[in-house]
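Structure at a glance
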Amino acid sequence: MKILKKWFQRLNKSQMQNATLEVKIEYQADKVSVQCGEDRFELEVMTGESYDKELVDFVTWLCLPIAMARKANLFIHGVGSAQAKINAEKLSDIWSSWLPERYSMIQVDYSVIENALSSGEKKSSLFCFSGGVDSTYSLLNAGFSTKPDLLTVLGMDYNAAMTEQFSDLCTKTENFISNYSGKRIVVKTNAYEVYKKYGIGGQLSHVFLLFGVGLMFAKNYEGLYLAADHSDFQQFEVFPAGSLYPSNRWFFVDNFKLHVHGEDTTRAEKVGQLAKNNTALNAISFCKNRKIRPLNCGVCSKCMRTKYMFLASVGYIPCEVFIDNKTLSKNLKFSTDPALNRSYIQDAYRVAYRSGNLDKVSFINDYYHKYISRR
């Protein structure tokens, strides 16, 4: 009990001593600049859509990872909603509990706090689309009653300098998305570069960034849809990750809410579904080789694991997907993160077992029984 008491005393003292990051926003036509302490976020709406300038809620999610990492409260100049304050503070409670060595509980305040009000009926949905396996699968299977508009952020899988390759990605995916979606909104940002300064990678920050950018257009949509990176049970295998079902429920303001699709399906299962759709196969892009993107080299770690997942799920590697369609490595290093690597191997093994394709993935089968099933 004494140890717990001292721990809480230290925690409370550190929270009371939190510095405050002042956040100021500048609007210039299609551009938004957010000064968060000494860090500066730049956002540019490259496709010309108008965005909300009345509420600064979107900035809350953009700055929250930095504030938690710096153990600093946020004071955002502008009109913010009471719900954004409550939910952001709740998220800091959750993440400081999960990763106390990295994140801290913080407070969020605005110059003016108001209750967000619904602005009429909003039927359309906004869907986060990157062109990868997860978002392609979810766009096919989410069952939207009307075609959603797409939100694609330049500065995540493609950094802000890769404009030509990003343009190639948009061209590569155009035939596919034209069948399943409305317009595509593209926002360019340097946010990942800012997060990187604090050791916050995309695995932890992507959901904060995407929801923050989505909130810029909240007046026009009923919600933001995001494809799950992992199925619900796999989230225990790969923790921590930014998009997790216990914390995702706090990503909402008023009636604009984050909806995550595909938590009932693993990556290898998704790959099997995509194999049935030639348009999707010609569109998907996931290669780690930045020089090759948006094409898929077929030999990098992500390409290799996806090849094995195709073999596990459907028993063959579709010729449309990879430049090198034949090479199969015996080195099953699908990720530099041990937990992720183990999860991907287990996924491929499970799907191959259920699909009767264990003979197609003999390296996976051997590795699973030698290193994983006997743990």
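Preceding this section is the structure that the text describes.
What comes next concerns the included structure. Just so you know, these numbers come straight off a predicted model, no measurement behind them.

1. Considerations on the overall build of the protein chain
Counting its secondary structure elements, the protein chain contains 14 helices and 11 strands. Relative to a compact globule of 375 residues, whose C-alpha radius of gyration would be 21 Å, the protein chain shows 22 Å and is just as compact. Overall, the protein chain is about 60 × 55 × 35 Å in size when its C-alpha atoms are taken along their principal axes. Here the protein chain holds 375 residues, and the buried ones make up 53% of them. The contacts in the protein chain between residues at least 6 apart in sequence include a share of 73% that link residues at least 24 apart. If you sum the accessible surface of the protein chain, you get close to 17,300 Å²; carbon and sulfur atoms cover 50% of it.

2. Quick notes on the sheet that holds strand β11 (residues 256–261)
Pairing is mixed in the open sheet, where 11 strands are placed in the order β5-β4-β1-β2-β3-β8-β7-β6-β9-β11-β10. Here the strands that pair on one side only, and so sit at the sheet edges, are β5 (108–114) and β10 (252–253). For strand β4 (residues 72–81) and β5, the ladder comprises 6 bridges, and the chain directions are parallel. Bridged to I76 within β5 is Y110.

3. Looking at the packing of helix α4 (residues 133–141) against helix α5 (residues 163–180)
Where α4 contacts α5, the axes come no closer than 10 Å and their chain directions differ by 30 degrees. Taken together, the axis directions place α4 and α5 in an arrangement best described as roughly parallel. Along this stretch, α4 crosses α5, giving a crossing that reads as left-handed. On α5, the residues touching T136, L139 and L140 of α4 are F176, I177 and Y180. For the contact of α4 with α5, the residue count by class is 5 nonpolar, 1 polar and no charged.

4. What to know about helix α10 (residues 267–274)
Most of α10 is tucked away, with 6 of its 8 residues classed as buried. Every buried residue of α10 is accounted for by R267, A268, K270, V271, G272 and L274. For α10, the secondary structure elements touched by its buried residues are α4, α11 (278–283), α12 (301–314) and α13 (338–355).

5. Here's the deal with the packing of aromatic side chains
Tallied over the entire structure, the rule returns 22 aromatic pairs. Ring centres of W95 and W98 lie 4.9 Å apart, and the angle between their planes is 85 degrees; on these two criteria the pair is classed as edge-to-face. Of the two residues, W95 and W98 are both situated in helix α3 (residues 82–98); the distance of 3 residues between them amounts to about one turn of the helix. Among the residues examined, W95 registers a relative accessible area of 1% and is labelled buried. Ring plane angle 5 degrees and centroid distance 3.7 Å describe the contact between Y349 and Y368, whose orientation is recorded as stacked. Taken together, the positions of Y349 in helix α13 and Y368 in helix α14 (residues 362–372) put the pair 19 residues apart, joining distant regions of the chain. You can call Y349 buried: its relative accessible area is 10%. Three or more aromatic residues joined by ring pairs form one cluster here, namely W61, F208, F211, F251 and F256.

6. Remarks on the environment of T189
Within the secondary structure, T189 is located in strand β8 (residues 184–189). Note on T189: relative accessible area 2%, which makes it buried. Separated by 24 residues in the primary sequence, T189 and V213 place their C-alpha atoms 9.5 Å from one another. When sequence neighbours within four positions are dropped, the list of residues in contact with T189 reads E42, L43, V153, L154, G155, A160 and L209. At a separation of 3.1 Å, a polar atom in the side chain of T189 contacts the main-chain amide nitrogen of A191.

7. Considerations on the pairing of β4
Here strand β1 (residues 19–28) runs beside β4; their pairing, made up of 5 bridges, is parallel. Bridging across to β4, L21 finds its partner in L74. Handedness of the β4-α3-β5 crossover: right-handed.

Conventions we followed
- Residues numbered from 1 in each chain as written.
- Predicted model: local features only at pLDDT ≥ 70, side-chain atom pairs only at ≥ 80, totals over all residues.
- Heavy atoms only, no water.
- Helix = DSSP H or I, 4+ residues; strand = E, 2+ residues; numbered from the N terminus.
- Rg over C-alpha atoms; globule rule 2.2 N^0.38 Å.
- Buried < 20%, exposed > 50% of the residue type's maximum accessible area, 1.4 Å probe, protein only.
- Contact = heavy atoms within 4.5 Å.
- Areas by Shrake-Rupley, 256 points an atom, 1.4 Å probe, with all protein chains shown as cover.
- Pairing = 2+ DSSP bridges.
- Axes fitted to C-alpha atoms, helices over the stretch in contact; angles between N-to-C directions.
- Parallel < 35°, antiparallel > 145°, perpendicular 65-115°, else oblique.
- Left-handed = near helix turned anticlockwise from the far one by under 90°.
- Nonpolar A, V, L, I, M, F, W, Y, C, P; charged D, E, K, R; others polar.
- Phe/Tyr/Trp six-rings, centres within 6.5 Å; stacked < 30°, edge-to-face > 60°.
- Polar contact = N/O pair within 3.5 Å; in protein donor to acceptor, adjacent residues only side chain to side chain.
- Right-handed = clockwise from strand over helix to strand, strands pointing away.

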